[in-house]
Amino acid sequence: MAKPRKTPRRTRRKAATSSDAFALATAGAELALASLRVVNARTPMIAQALNDPMRGNYAELTRMVSEKPLAFAQGAAAGGPAWLAMAAESNRYLAQVWKTPSYGVAPAMTASLGAVAFWGRMMSLGVAWQSAMLAPVHAAATANARRLDAKA
């Protein structure tokens, strides 16, 4: 007897909460501070390599160039599904709006409430998208800050 084939379940993204928005803001602040520490540690390395090319820290100088595109590419790849979820939600809402009659008080109230709900969902999806895109960049920058702080 053949086993029944499982169909993939569609999962709906959970709505972002205020704690998700706070976590995003916190990660952004951590990223800014880590970037400051990394720039402060790397600027003297650049100056030393310019003044004395034979004693430059070329491993670190190479890392400066190679890690950024990688982190941003990972962020773009991570943010893709959330971006598509935003596009799908927008398409769903616009398709629904075009079908709704546009005269009278009740349809106008329904349309207004639908628009408010739509923008709430879009804000929630936007927080998820930004969080997904920020995570790889945040991880790389904070790892650099920890590594460079340990060397100092």
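Conventions and cut-offs
Residues numbered from 1 in each chain as written. Predicted model: local features only at pLDDT ≥ 70, side-chain atom pairs only at ≥ 80, totals over all residues. Heavy atoms only, no water. pLDDT = per-residue confidence, 0-100. Helix = DSSP H or I, 4+ residues; strand = E, 2+ residues; numbered from the N terminus. Salt bridge = Lys/Arg side-chain N within 4 Å of Asp/Glu carboxyl O. Buried < 20%, exposed > 50% of the residue type's maximum accessible area, 1.4 Å probe, protein only.

Undergrad: Residues and numbers for the confidence of the model for the protein chain, please.
TA: When pLDDT is averaged across the protein chain, the result is 84; 84% of the residues are at 70 or more. The element-level mean pLDDT for the protein chain is lowest in helix α3 (residues 105–151), coming to 86, with helix α1 (residues 18–51) highest at 92.

Undergrad: Requested: an account of the pattern of salt bridges, with residues and values cited.
TA: A full pass over the atoms with the stated rule returns eight salt bridges. Between R42 and E67 there is a salt bridge, with its nearest N and O atoms 2.9 Å apart. Of the two residues, R42 sits in helix α1 while E67 sits in helix α2 (residues 58–99), which places them 25 residues apart along the sequence. Just as R42 is buried, E67 falls in that class too. Salt-bridge contacts for R92 lead to E89; the nearest nitrogen and oxygen are separated by 2.7 Å. Taken together, the positions of R92 and E89, both in helix α2 and three residues apart, correspond to about one turn of that helix.

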